[in-house]
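Reading the structure
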Amino acid sequence: MRAALMVIDFQNAVFTESPAGYQADVVMERIRKLIAKARASGTQIIYIQHDEAGTEWALNGKGWAFPEAIAPQAGDFVSPKNQCDGFFNTGLTAFLNEQEIQRLVICGFATEFCVDTNVRHAASSGYPVTLAMDAHTTRDRAHLNAASIIEHHNATWRNFGGIQLLNSEEIVF
């Protein structure tokens, strides 16, 4: 089953917007290792890149680019989006079909927004999803701290058909 690693919105804004993403450095290192494993196995890497005018995420702004440690390389697919759903009005589905991708390994930012939306969309569309449960993060929110948001979503995804949760070091491509 041909797989792809999907890195969702882990852009510089994770660090530059206040408050910074919860354990962002630790999560970025886990994502970096996942990318290295994917590259070593010849697995396709897909970057979903958020663009939101008037924010840290604005096209070509300081927060829009990916951190150098995990930046896309030649041969990677970068899919821009301006909503939570990386499948909506983008070339993502066409690319997955062209490349005959049948399984998605997902990591990134923000747990309760873009990661959740894309995990559910992929699983609901019939893709087996492996979520790197220690390689996604968010920020503290007014109603709930980031650690609780992450814990809640990991628990919810465990009960959603088609989603497997593994720590990043357990993921094999």
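Further up the page is the structure itself.
Keep in mind it's a predicted model, so treat the numbers as computed, not measured.

**Details of the sheet that holds strand 6 (residues 163–166)**
Strand order in the open sheet formed by six strands is 3-2-1-4-5-6, and the pairing between neighbours is parallel. Of all the strands in the sheet, just strand 3 (77–81) and strand 6 have a single pairing partner and so form its edges. Adjacent strand axes in the sheet meet at a mean angle of 25°, parallel and antiparallel pairs treated alike. Examined bridge by bridge, strand 5 (residues 129–137) and strand 6 share four bridges and lie parallel to one another. Considered in strand 6, the bridge of Thr 130 is made with Gln 164. Running at roughly 145° to strand 5, helix 2 (residues 24–41) makes contact with strand 1 (3–8), strand 2 (44–50), strand 4 (103–109) and strand 5 of the sheet. In the packing of helix 5 (residues 146–158) onto the sheet, the strands contacted are strand 5 and strand 6, and the crossing angle to strand 5 comes to about 175°.

**What about the pairing of strand 2?**
Of all the seven residues making up strand 2, seven are buried; the element is thus mostly covered by neighbouring parts of the structure. Every second residue of strand 2 is oriented toward a common face, with Gln 44, Ile 46, Ile 48 and His 50 on one face and Ile 45, Tyr 47 and Gln 49 on the other, all of them buried. Relative to strand 2, strand 1 is paired through five bridges, and the arrangement is parallel. Among the inter-strand pairings, Ile 8 is bridged to a residue of strand 2, identified as Ile 48. Across five bridges, strand 2 lies against strand 3 in parallel orientation. In the strand pairing of strand 3, Tyr 47 is matched with Val 78.

**Concerning unusual backbone geometry**
A cis amide bond links Ser 18 to the next residue, Pro 19, at an omega of -10°. By secondary structure assignment, the location of Pro 19 is in the loop between helix 1 (13–16) and helix 2. Each neighbour pair has its own omega, and for Phe 109 with Ala 110 the value is -15°, a cis peptide bond. Residue Asp 9 is not a glycine yet carries a positive backbone phi of 55°. Phi at Glu 100 is positive, roughly 55°, even though this residue is not glycine. With respect to the element layout, Glu 100 can be found in the loop between helix 3 (92–98) and strand 4. Owing to a relative accessible area of 59%, Glu 100 belongs among the exposed residues under this scheme.

Cut-off values and rules
- All chains use their own residue numbering, which begins from 1 and follows the written sequence.
- Residue-level local features of this predicted model are given only where pLDDT is at least 70; pairs of side-chain atoms are given and counted only at 80 or more, and the full residue set underlies all totals for whole chains, interfaces and linings.
- Side-chain metrics in this entry use all non-hydrogen atoms of the structure; hydrogen atoms and water are not considered.
- For two strands to pair, DSSP has to find at least two bridges joining them.
- We count a stretch as a helix when DSSP gives it H or I for four or more residues in a row; a strand needs E for two or more, and each element gets its number in order from the N terminus.
- As a rule, the C-alpha atoms of each element are fitted with a line to give its axis, helices using only the stretch in contact, and angles between N-to-C directions run from 0 to 180 degrees.
- Throughout, a contact is declared for two residues whenever any of their heavy atoms are within 4.5 Å.
- Between buried and exposed lies partly exposed: a residue is buried under 20% and exposed over 50% of the maximum accessible area for its type, with that area taken using a 1.4 Å probe on protein chains only.

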